[in-house]
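# Architecture at a glance
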Amino acid sequence: QVQLVESGGGLVQAGASLSLSCAPSGRTFSTYAMGWFRQAPGKEREFVAHINWSGGSTFYADSVKGRFTISRDYAKNTVSLQMNSLKPEDTAVYYCAAGRSSVGDYTKPQFYPYWGQGTQVTVSS
């Protein structure tokens, strides 16, 4: 069983940066694709970013492209989400997710069987 723990959320002003980290435990996560999702109050959980198992391929939601960067550090066994130029509409609970399927849509929550508990990001205007 893979357990995921996110950290790094907080309250910042618009235009600032934050870095989120996800630390999987249990099995090695080196063979898992990793994703970040977010959920604002009253809204559905939405895809933010994805990185494949090798780290060689990334994909972003249009809303964060050019501002957010997903990366993974195999030595530290972590996956990170660097968020720059934050906007008030980025305010949400951010979730880390892990999946290992070779088929399916990795922009959908159903692709990922393992999830963290979430970390709050609040961006004030």
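Just so it is clear, the structure is predicted and the values come from calculations on it, not from any experiment.

Here we take up the sheet that holds strand S8 (residues 78-83). The strand order across the open sheet built from four strands is S1-S3-S8-S7, with neighbouring strands paired in antiparallel fashion. Where the open sheet ends on each side, the last strands, each with one partner, are strand S1 (2-7) and strand S7 (68-73). Along the sheet, successive strands turn relative to each other by an average axial angle of 20°, direction set aside. Bridge count for S7 against S8 is six bridges, and the pairing is antiparallel. Residue aspartate 73 lies in a different strand from S8, and its bridge partner there is threonine 78.

Structurally, arginine 38 can be placed in strand S4 (residues 33-39). By relative accessible area, which is 5% here, arginine 38 ends up buried. Reaching out from arginine 38, the side chain makes a polar contact with the side chain of glutamate 46 at a distance of 2.5 Å. Separated by 2.9 Å, the side chains of arginine 38 and tyrosine 94 make a polar contact. Residues within four places of arginine 38 in sequence aside, it is in contact with Glu44, Arg45, Glu46, Val48, Ser63, Val64, Phe68, Glu89, Asp90, Ala92, Val93 and Tyr94.

The rules behind these values
- Residues numbered from 1 in each chain as written.
- Predicted model: local features only at pLDDT ≥ 70, side-chain atom pairs only at ≥ 80, totals over all residues.
- Heavy atoms only, no water.
- Pairing = 2+ DSSP bridges.
- Helix = DSSP H or I, 4+ residues; strand = E, 2+ residues; numbered from the N terminus.
- Axes fitted to C-alpha atoms, helices over the stretch in contact; angles between N-to-C directions.
- Buried < 20%, exposed > 50% of the residue type's maximum accessible area, 1.4 Å probe, protein only.
- Polar contact = N/O pair within 3.5 Å; in protein donor to acceptor, adjacent residues only side chain to side chain.
- Contact = heavy atoms within 4.5 Å.

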